[in-house]
Structures are given as C-alpha cells and as structure tokens.
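Results of the structural survey
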Amino acid sequence: MMGSEKVIEEKKQGQALLTEEKEGNTKKLYIESYGCQMNLNDSEIVASILAEEGYNTTHLLEEADLVLVNTCSIREKAEQTVRKRLQKYNAVKKINPTMKVGVLGCMAERLKAKFLEEEKIVDLVVGPDAYRDLPHLLEEVNEGREAVNVILSKEETYGDVSPVRLNSNGVSAFVSITRGCDNMCTFCVVPFTRGRERSRDPKSILEEIKQLHQKGYKEITLLGQNVDSFLWYGGGLKKDFKNASEIAKSTAIDFSQLLDMVATAFPKMRIRFSTSNPQDMSLDVLHTMAKHTNICKYIHLPIQSGSTAVLKRMNRQHTREEYLELVDNIRKIIPECALSQDMIAGFCGETEEEHKDTLSLMEYVKYDFGFMFAYSERPGTPAAKKMPDNVPLDVKKRRLNEIIQLQQKHGLYRMEQFVGKTVEVLIEGSSKKSDKHWKGRNSQNAVVVFPKNNEQIGDFVNVYIENCTSATLIGKRI
Ligand code: SAH
Ligand code: F3S
C-alpha cells in the first residue's frame, strides 16, 4: 500500500473493534468495520449508542449476542469481502445459535431488504443515517421480526452522540464534520448510499474535540466525503442553502472558518482533514493552513484521472489545468505541503492517450502518497447506466500497475527530501517490525520510525532523518 491513512489502518479493517467496558453492561457486541475512516467513526457512534443499551464490545464471535458489520460498497471487491465474513459468522452461529447479525453502512443502504433474502444469516439491515433507530430495531429482532431501516436523512449528523473510541491508541481520533456527498461523480456509489450532503454544528464539533483534548488525544482528523464544502447555516442540506434566510446566510460558517476556529481553540492539537475535493478547496483554506502551525501540512487531493476528457465523463467539476493551478497555489502558499492522490485506472472509454495524461500529471505533481484502483462498475451509478465498462481487465491492470510504479518512484523521491532534516513526530505506538522502535508521523503524514528511549505514546519529539524507503522515514531522536 502506498499510503496508510486514507483507509482504516490494517489493524482496524475487518477486525473486532474494542473499547473500554461500561460497568453494569452484560450483553456482548462484536463489531467490525470495512472501508473508509468515516465508517470507522460511524462504528464508534454505533458502539456508543449500544453502550447505552447494555452492550460491551468483545473480540470473541463465539460469545457475541450481537454481531455488526459496517460495510463498504465502493468497489465490488469490498462487497465480496463482507460476503465472505458473513459465511464465517454463519459457521459460528452453529456454536452460538442465539447470536443476531446486523449489516450496517453502504451495502445495507444499497441492498436494503434484499440483504435478508440473499444472506439468510442477516437479521438486521441498517443504513448510515438510521443508527439512532438501533435500539428499536433490536427489539424487533428479539421479538422475531425482520428489522430494516435504510431511510436517508436531511438532518442527521449524530452531532450530539459522543462516540466511544474503538481500538484507539489514545492519541489520534476522527471527528466527522459532514455527511453524504452531492457531487455525483459518475463512477461513485457514495451519493446513493450516504445521501445528500449536510454539515454538523460547529459547536458540537468543538465540544467533541474539547472532550478528546481532555482525554489526552493529540491529533484529530476532520472527516467528510468533501470537507471543503462544509457549510453550517443552522442545519439542513447543503443544496438547500440558497433558500436559507438572509441572517442564516450572513452568519454561515465555511470550512476555512471552521478550520481556523478549531486550530485557534486547540493550539496543542494536531489537526488533519480528509477528503478535499479540488473544485471546493478555496485559497482561504490554504491561507488558514499556512497561518496555523498545528494544522498539518498535508492535503489528500483526489483527482482520479489526468485527462480533462475523462474528468468530464466522470462528472468531476474541474479540468486538468484547474487542478494543476490549485497545486501551484498550494506550492506557493504552503511550500512544505505534502499531497496525495486517488486515481482510477481504466474508466469507461479510457484511451492510451488519456492514461498517459494521468502519468504526465503525476510527473508534474510528484505526489507523496497515492491510493490507486482499477475501475469497478457499481450498479445504479450514472456510469453503469450510461457508459460501457469497456477497458479490458488486463489493460486496466497494466495501467494500474504503471500508475502504482510511478507513485512508488515519486513516494521515494518525496521521502528522500526529508533525509538530513529534522522533523517533529507524534508518537503513535511501536513500529510494526520492532518493539525497540517507535512509529509516528510528521506533519506531512510520512511515517517515521526511530529507536525507543524514555519516550511515551502521545509525545511530540524531534527526529533527525538518516534514511528512508518509499513509504517510511528512518531516523534518531535529537
Ligand atoms: N470523497 C471521497 C471519495 C470516496 S471514494 C473521500 O472521502 O475520499 C474513495 C476513492 O475510491 C475515490 O476517490 C476513487 O478513487 C475510488 N473509487 C470510487 N468509486 C470507484 C469505483 N467505482 N471504482 C474504482 N475506484 C473507485
Ligand atoms: Fe464519490 Fe465523488 Fe463524492 S468520488 S464521495 S461522488 S466526491
């Protein structure tokens, strides 16, 4: 993997998620999360709602009263992974026959009640906006009825639910600021599974960060499908902003203001955010980033293709040239800023020329990290309805490989720029390869490994970089 932050860390992807026990709770919840960081944060909201209903988390399927799997629909493979997990739960049900199984998240929303027919093991289907209904849905299930709620909402942001943290290192946490997406990229299932875009009340965002700060957390990542489009005007859908009152309009808070508020209120907290959509990223956001040392100098800026014609077929709202202009502005305003991409290889009708445009754009930007995928047609999306998925699989794979190879080269180039320099690292835990080494990240999101001394998890330390690979900086504390 080229980058490690975008998807849920390996130790969290598809594994039992655990939190502290709540006294007096007797029921056991086994919960797993797949896909994006937003799903992990949603699982934290779900665990928090169920802790009030008497559930503590467990890592043993065999003792679970309730098994929940938070699912991802983004590519076909993500859905296949979940189907395989359901087979595993089926096997366990033979030893634990009273266990109930619920499916949450994007697959639940996409397949709705069909899930109950297709997968006999499933008792409960709950979409991303319906988690507050879980206590009631569980009652239905326990009384032997089917329970499905996949209603998408105009308002729901779970702003007042204080999420418990799952498999947390006690140092970094996710804070959701928007839900849903209005962009309708033609390849993407998210607008259908997560609904229209809405923003969360800045007051509840600041309150959540305050609580994290008090618990000793040192880094937060503000999350949304499209954070730069954040707009709080008292609640409601982003698309309805035009109908808001004049007062609501004049007091509205946008992303650069939110970022400024958070960075000012918590000067000791590191602040990250994801994901930025190129068309919505304003110069104000860049200036706010430049102004605050505690806002990390890293932008995840998906583009999907370097060809304007492909971007148009994807319904991305910008051209290659506009994207590069934004990149130039980032380099000017925040010279030390790291950038990462998402790319899709072999989208409908992609020619060899168009693929080469992607490679040449990458040459220009030289991204620090990348998340690269072969196009996977998703049922119901505009692309699936209107455009043939006509790039042969072997061509898709070859193009994807070329993109990955080039990214590896650029990743190494970017890491090499840190060799001989000193960077500030927030210690997140032991290195995977050796317990004698710490692992953390610098502001640019590069993973840094260095020998342990008397430091602790959560410390900020200065590390002199002596060496690197294409994904890791290696150094010593100074
Ligand atoms: N704005 C979102 C994007 C979510 S999808 C965010 O917060 O990151 C994440 C990435 O998955 C997209 O940027 C895209 O590169 C990839 N993706 C989405 N749909 C896909 C599809 N049908 N096939 C292949 N990759 C896809
Ligand atoms: Fe998907 Fe495009 Fe939104 S990739 S999540 S529709 S920005």
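For the structure, check the block above.
Source: prediction; values computed, not measured.

Reading the values: rules and limits
Residues numbered from 1 in each chain as written. Chains lettered and ligands numbered in written order. Predicted model: local features only at pLDDT ≥ 70, side-chain atom pairs only at ≥ 80, totals over all residues. Heavy atoms only, no water. Helix = DSSP H or I, 4+ residues; strand = E, 2+ residues; numbered from the N terminus. Contact = heavy atoms within 4.5 Å. Disulfide = S-S within 2.5 Å. Salt bridge = Lys/Arg side-chain N within 4 Å of Asp/Glu carboxyl O. Buried < 20%, exposed > 50% of the residue type's maximum accessible area, 1.4 Å probe, protein only.

Thoughts on the side chain of K396
- Along the chain, the position of K396 falls in helix 15 (residues 393-416).
- Filtering out sequence-adjacent residues up to four positions away, K396 remains in contact with A345, G346, A374, Y375, D389 and V391.

Observations regarding the state of the cysteines
- Scanning all chains against the criterion turns up zero disulfides.
- Between C348, a cysteine without a disulfide, and C185, which holds the nearest cysteine sulfur, the sulfur-to-sulfur distance is 13 Å.

Examining the pattern of salt bridges
- Taken as a whole and judged by the stated rule, the model has 37 salt bridges.
- The salt bridge partner of K22 is E52, with a shortest N-O separation of 3.3 Å. Within this pair, whereas K22 is found in the segment before strand 1 (27-33), its partner E52 is found in the loop between helix 1 (37-51) and strand 2 (55-57), the two being separated by 30 residues in sequence.
- Classification of K22 as partly exposed rests on a relative accessible area of 35%.
- On the accessibility criterion, E52 (59% relative accessible area) is exposed.
- When the shortest N-O distance is used, the salt bridge between E455 and R477 registers 3.1 Å. Here R477 lies in strand 21 (residues 472-477) and E455 lies in the loop between strand 19 (447-451) and strand 20 (460-468), a separation of 22 residues in the sequence.
- Among the residues examined, E455 registers a relative accessible area of 6% and is labelled buried.
- The exposure class of R477 is partly exposed, given its relative accessible area of 39%.
- A network of salt bridges, in which partner residues are shared, links E219, R270, R272, E428, K439 and R441.

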